[in-house]
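The lines below spell out each chain.
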Amino acid sequence: MKPELLAPAGDLERLKVALLYGADAVYIGGTQFSLRFRASNFTLSEIAAGVKFAHALGKKVYVTANIVMHNDDLDGLDAYLSDLEKMGVDAVIASSPYVVDRAIQHPRLAIHLSTQQSVASSVLVNFWGKMGVSRVVLAREVSLEEIKMIKSATNVELEVFIHGGMCSSYSGRCTLSNDMTDRDANRGGCAHSCRWNYDLYRYGELLSNGADFQMASKDLQTIRIIPDLIVSGVTALKIEGRMKSLHYIATVVNAYRRVIDDTLSHHLLPWNEYENAIAKAENRKTSSGFLVGELSYEQQLYQQGIIEPSQDFVGVILDYDAITKIATIGQRNVFKDGDTVELFTPDNRNELLIIQNLQDADGNPVKIANHAMQILRMPICQTVKLYDLLRKVP
Amino acid sequence: MRIVVTLHSLLEMKQMSALGADVFLVNSDCLSTKTMKCFSKMDIATIIEEAHQINKLVYVNLNTIIHEPDIPILEAFLLFLAATNIDGIVCFDLSVVALAEQYGLNDKIIYQPGTMNTNSYDPWFFRKLKIKGITLSKDITLAELIAIGENYQGMEISLVGHGYSFLFYSKRLLLKSYFEYRGKPVPNLSNCDGFRLIENQRPEEMYPIYEDGFGTHIFRSRKLQSFNEVKVMRPYLSDFFVDRMFIEDEEYYASIGAYKDETNELLFLNRYGNSYDSGFYYQKNKERDHI
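Residues numbered from 1 in each chain as written. Chains lettered and ligands numbered in written order. Predicted model: local features only at pLDDT ≥ 70, side-chain atom pairs only at ≥ 80, totals over all residues. Heavy atoms only, no water.

Asker: Looking at this model, I keep getting lost on the pairing of strand E11 (residues 236–239) of chain A. Mind explaining?
Answerer: Residue and element names in this part refer to chain A. On E11, burial covers both faces: Ala236 and Lys238 on one face and Leu237 and Ile239 on the other are all buried. Across three bridges, the pairing between strand E1 (residues 4–8) and E11 is parallel. Each bridged residue has a counterpart across the sheet, and for Leu6 the counterpart in E11 is Lys238. Pairing between strand E7 (residues 157–164) and E11: four bridges, direction parallel. Among the inter-strand pairings, His163 is bridged to a residue of E11, identified as Ile239. (Buried < 20%, exposed > 50% of the residue type's maximum accessible area, 1.4 Å probe, protein only. Helix = DSSP H or I, 4+ residues; strand = E, 2+ residues; numbered from the N terminus. Pairing = 2+ DSSP bridges.)

Structure representation (C-alpha cells):
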C-alpha cells in the first residue's frame, strides 16, 4: 500500500508548495484550538482556499484542533467544526476527548487523534477507534518493531512521524514550559525549555561542564527507514514543522516523495542522493529517533546549532511570461549577477542557471539582489512555473 | 475525601493509618516508574489483606506509558489484580482503561495522566467508560478545579495536591546518556534521589531529575502544598494524593497528619513551609493568544 505523505504548512503559500512538491495531504492550524501558535495563522477563508487548492489536485487538508482544552477553550468549537466540515476539510486532528466527541457530530469530518495523546499500544489505538477516531498518530517513542506489532492488531489507520523536531518528553505530558515561563505547552505556548542548557548536580556536587546538560533530541530523519515503514502498512508518513520555511518544506517533502515513489517502483537510488537533497535545506542534527535500535547519547542534541544548508535558497518564481521568457522572482536571500543557481522544481528538473540581466520591478538593472523580498525580473530560457525555487550553488 | 499516601513498607501501615491515611498507594515492580519503592505481586496481595483488616484501602500505581511489548505484562498484572480485592488502580495510560473491562476492573480505574484532565467535559467522557474516577490535571488553577468540581459530581474526582509535581516524563535515559556523552562512567542511578538541574536564568531553582528503566522524570523545584485549597475543594474530591517522591519520611508523615488536623497543619508549615508553594493554583498559564 502506498502511504500518504503528510506535510505541515504554516500558511497558504507553504500549503501550496507542500502539495506541489509531493505531499499527498497537508495539516494546518486555524486561529483557534491549535498548537504551534506562531504557525497557526489560517483564517477560515484561508482554510477554504487551501482546501479548494488541495482538492483540485486530488489531495487532502487536515486541520489541527489539538490543544489540551481548558474550560476557557470550549466555546466556539461546534461552530468551528461546522465551518470546517462545510468547507470540505478532510479531517480534524484532536487530542482532547471533548474535540473527539464534538467532531463525531460532523460525519463528513474524519477524526485523527493527535500524537499529544502519546498512543503507544494497539489496545489504545483500538480504544480510540471505538471512540470514533479513524486515524491515530502514534507516539514518537514507538519503534519500528512496535509499529509492526500495533499494525498487526488494528484496522485503525496509523500515522507516524518521519522527519522533524521531536519533543523530548512524551507529548502532552510536559509542563516544563508552564512552570518555567508561565506558557502553556499543551495550549500552543511551549517555550521549549527542554532545549535550554542546564547544570547537573548530584547531592550538591556540580557534575556538568559549563551548563552542557541538555535534554533535547536531535531531529528525526528516516530516509533509510522509509521502505520498512511502507512494508509495516502504516497509512501516513508525517513531516513535522508548521513553522518551517517554504524552502524547507519543498526540499524535505520532495526528498521523501522521491524515496517513497522510488521504493515502490523498485528504483531506489543510493541513500546519500536523498540525504544530500534534504541537506540543501536548513536542518538541526538528525537521528532515526526511537524507530531503530536502542537510544543512546548519539540521539541527543548536546551541541546546539543548525547544520548549515548546503545550498542557500535565494528566490521563488512568482510568474513567467512564456513569450518574453521573463521570470518574475521573489527575493529570499542575497544573490548577484554571475551567480550560479539551481532551479529546484516539483518535478526535480534541478537545472543550473547563471544569474544575468537582473532587473528590479521598474526595469532598472540590479547587480546584487540584497533587498529582502524584493520583486525582480530576469530572462530564463527554460520554462519555469510559479513556486519553482532558486538555490545558490556554492 | 480520602487521604491517599504512598506506602514504602508494610511496617508503616499502622503509623500512617493513625496519622490519618485512608488509602495506601503501592507501586508495582513491573509497570510503575518514578518510585523509590516497588512491591511484588505477593507483597501487594499481603498489603491488601492487612490494609483491609484495619479498614483501609489499597490502590496500585501503574504510571508508565504502555508500549506494545508491555501489553502482556499489563494483562498478567490485571489478571492478578482481578483475583485480589484491590480498591483502585491508578493509571497514567488509557491502555489500562481499555483493558480493564476484560478483567472486570474498570470500576477500579482512576485515570491520572498528570496533564490532560483539564476541563469540565472530561469527567463526562470518562463516566461513559464506567471507571472509578479521574485525577484532575496538575497544571490548572484552583478556579478551574472548582469549576470542574461544581459542574460535575457524578464520578470520583481526585487531586495530587502535595509533593514534588512532575513536569516532564521522557522515555529517554537522559542521565545515562549525558554521562556517556561526557565519556564518564555512568554512576549507579538506581533509586538515586540526589540529581538536580539548574538553569542559569533561574539559579535559585533546583529541579529534581530522576531516571529509571522507564525513562527520565523532571519535577518542580518546590514542593506543592494545598492546605487552604483542599478546604475549598474538599466537597468535590474523593481522593487527595499526598506524593512522597524525594520527601524524607519524617516530613512525609507530618504532612499526612497536617491534612487531617489544623494544629498539625500549623506545626507542619512552621517547620517545613519554606520549601513549599502553591504550584499552579494561582498561576494562570498564558495560552497562545496572550503571548
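Asker: Please explain the nonpolar core as it appears in this structure.
Answerer: The nonpolar side chains of a soluble globular protein tend to be buried, and buried together. Grouped together as the largest cluster of nonpolar side chains are 171 residues, with contacts concentrated most on Ile47, Trp128, Leu138, Leu229 and Tyr256 of chain A together with Ile89 of chain B. Element by element, the count of residues in this core is highest for helix H9 (residues 246–264) of chain A, at 10 residues. Residues lining this core come from more than one domain, with at least three contributed by each of domain 1 (4–299) and domain 2 (312–392) of chain A. Core analysis: the second largest hydrophobic core is formed by 24 residues, Cys174 and Leu207 of chain A together with Leu175 and Leu197 of chain B among them. (Core = buried A, V, L, I, M, F, W, Y, C linked by side-chain atoms within 4.5 Å. Domains from an automatic or database assignment.)

Asker: Where do I start with the packing of helix H2 (residues 41–53) of chain B against helix H3 (residues 71–82) of chain B in this structure?
Answerer: The geometry of a pair of packed helices is captured by two quantities: the angle between their axes and the separation between those axes. Residues and elements named next belong to chain B. Viewed as axis vectors pointing N to C, H2 and H3 meet at an angle of 30°, and their least axial separation amounts to 11 Å. It follows that H2 is roughly parallel to H3 by the angle criterion. Crossing of H2 over H3 shows right-handed handedness. Facing Lys41, Ile44 and Ala45 of H2, the residues of H3 in contact are Ala76, Phe77 and Phe80. Broken down by class, the residue content of the contact of H2 with H3 amounts to five nonpolar, no polar and one charged. (Axes fitted to C-alpha atoms, helices over the stretch in contact; angles between N-to-C directions. Parallel < 35°, antiparallel > 145°, perpendicular 65-115°, else oblique. Left-handed = near helix turned anticlockwise from the far one by under 90°. Contact = heavy atoms within 4.5 Å. Nonpolar A, V, L, I, M, F, W, Y, C, P; charged D, E, K, R; others polar.)

Asker: Can you help me understand the pairing of strand E8 (residues 198–202) of chain A in this one?
Answerer: Along any regular strand the residues' side chains alternate between the sheet's two faces. For E8 of chain A, a buried count of four out of five residues is recorded, marking the element as mostly surrounded by other parts of the structure. Here E8 of chain A pairs with strand E9 (residues 195–199) of chain B via five bridges, running antiparallel. Residue pairing in the sheet places Leu200 of chain A in a bridge with Leu197 of chain B of E9 of chain B. When E8 of chain A meets strand E9 (residues 205–206) of chain A, the two strands line up antiparallel, connected through two bridges. Each residue of the ladder has a partner; that of Tyr201 of chain A, found in E9 of chain A, is Leu206 of chain A. Taking the residues that link successive antiparallel strands as the turn, the E8 of chain A-E9 of chain A hairpin has two residues, and the phi of Tyr203 of chain A there is positive, at about 45°.

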